[in-house]
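Structural description and commentary
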Amino acid sequence: IPFEEIQIYCFKTGQCVRDHNLIWRYIKIPASKLYQFNSFGLRTIDGGELKRSRDKQVYRIIVFGGSHPFGLGVRYEQTYAQQLEKLFKIEKHKWRRSVEVINAAVPGYSTLQVLNLLKYQMIHYNPDLVIIDAGNDDGILLTQEYPWKDSQMVGKNPVLCQMLSLAERSSFFWYYRLFLSKIINTNNIYKNIGNPSHSSRVSREENRRNLEEMKEILSKTVQRPC
């Protein structure tokens, strides 16, 4: 399924809203759904909120990434994070502390989104260990329907993001945007899409910089053995 079609579906159904740092994030949806999200747009067992504070005897691991660590298509207890936590519980006699694994992965997130999620939100949860499984979504190709690099999408005005979130619930918005994009295309605004440095959501160089910044942030904050 093309990336832009998934985006349209998520925004039209109200599962996603715009975010000025993360580009988009998920919101809480009815309990009958397979996935439950908290107010940060992160998957939890029942949509519950995460606690920043924790017992000193708890070793906290946070998993970042896209669809794979998120657990797309599987129940919460089958996710990467929960399976890891289960393994630690089985071998708990080998560890000095109990282990908690938080799932901070979001489907479709690029390394830039993971970086901002880490930098602006999750670093405040004081992880002892961070696992980053991201990068596949960086290579999603730009199209006429989705021609923006991630670096062009972050840092938008929060009020504008709220307005877009409301507009994107309407079919008229998407038809009008498609119509407008075809008109603009006649002026070769997408002429750089064929250029390797402009053809994907996140370039190789941007990918490297994002990972290096994550490494720098974590080297200053995460230095505690289990």
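Residues numbered from 1 in each chain as written. Predicted model: local features only at pLDDT ≥ 70, side-chain atom pairs only at ≥ 80, totals over all residues. Heavy atoms only, no water.

1. Some points on the packing of aromatic side chains
All told, the structure shown has nine aromatic pairs when counted by the stated rule. Taking 4.7 Å as the distance between ring centres and 5° as the angle between the ring planes, the aromatic pair formed by Tyr-26 and Phe-37 counts as stacked. Of the two residues, Tyr-26 is situated in strand 2 (residues 23-26) and Phe-37 in the loop between strand 2 and strand 3 (58-65); the sequence distance between them amounts to eleven residues. Residue classification places Tyr-26 among the buried positions, given a relative accessible area of 9%. Between Phe-37 and Phe-70, the ring centres sit 5.9 Å apart and the planes meet at 15°, which makes this aromatic pair stacked. With a gap of 33 residues between them, Phe-37 in the loop between strand 2 and strand 3 and Phe-70 in helix 2 (residues 67-70) connect regions that are remote in the sequence. You can call Phe-37 buried: its relative accessible area is 3%. One aromatic cluster in this structure is built from Tyr-26, Tyr-35, Phe-37 and Phe-70. Over the ring of Phe-70 we find Arg-43; its NZ or CZ atom is 5.1 Å from the centre of that ring. (Phe/Tyr/Trp six-rings, centres within 6.5 Å; stacked < 30°, edge-to-face > 60°. Helix = DSSP H or I, 4+ residues; strand = E, 2+ residues; numbered from the N terminus. Buried < 20%, exposed > 50% of the residue type's maximum accessible area, 1.4 Å probe, protein only. Lys NZ or Arg CZ within 6 Å of the ring centre and 35° of its normal.)

2. Side note on the layout of surface pockets
Of the volumes computed, that of the largest pocket is approximately 370 Å³. As for the largest pocket, its lining consists of 21 residues, and the residues nearest its centre are Ile-6, Cys-10, Tyr-26, Leu-72 and Pro-107. For the lining of the largest pocket, the element with the most residues is helix 1 (residues 3-12), which contributes four residues. Here the residues of the lining of the largest pocket are counted per class, giving 15 nonpolar, four polar and two charged. (1 Å grid on protein atoms, 1.4 Å probe; cavity = no way out; pocket = protein on both sides within 12 Å on 5 of 7 lines; lining within 4 Å. Points joined across faces, edges and corners; volume = space filled by probe spheres on them. Nonpolar A, V, L, I, M, F, W, Y, C, P; charged D, E, K, R; others polar.)

3. Observations concerning the confidence of the model for the protein chain
Across the protein chain, pLDDT averages 86, with 89% of residues at or above 70. Here helix 7 (residues 171-185) is the element of the protein chain with the lowest mean pLDDT, 75, and helix 4 (residues 111-120) is the one with the highest, 96. Within the model, the stretch residues 186-197 combines pLDDT values under 50 with twelve contacts to residues more than four positions away or in other chains. (pLDDT = per-residue confidence, 0-100. Contact = heavy atoms within 4.5 Å.)

4. Notes on the packing of helix 4 against helix 8 (residues 204-221)
The geometry of helix 4 relative to helix 8 is characterised by a closest axis approach of 9 Å and an angle of 20° between their N-to-C directions. The orientation of helix 4 with respect to helix 8, classified from their angle, is roughly parallel. In this structure, the crossing between helix 4 and helix 8 has a hand that is left-handed. Residues Thr-111, Leu-112, Val-114, Leu-115, Leu-118 and Lys-119 of helix 4 touch helix 8, and the partners they reach there are Asn-207, Asn-210, Leu-211, Glu-213, Met-214, Ile-217 and Leu-218. (Axes fitted to C-alpha atoms, helices over the stretch in contact; angles between N-to-C directions. Parallel < 35°, antiparallel > 145°, perpendicular 65-115°, else oblique. Left-handed = near helix turned anticlockwise from the far one by under 90°.)

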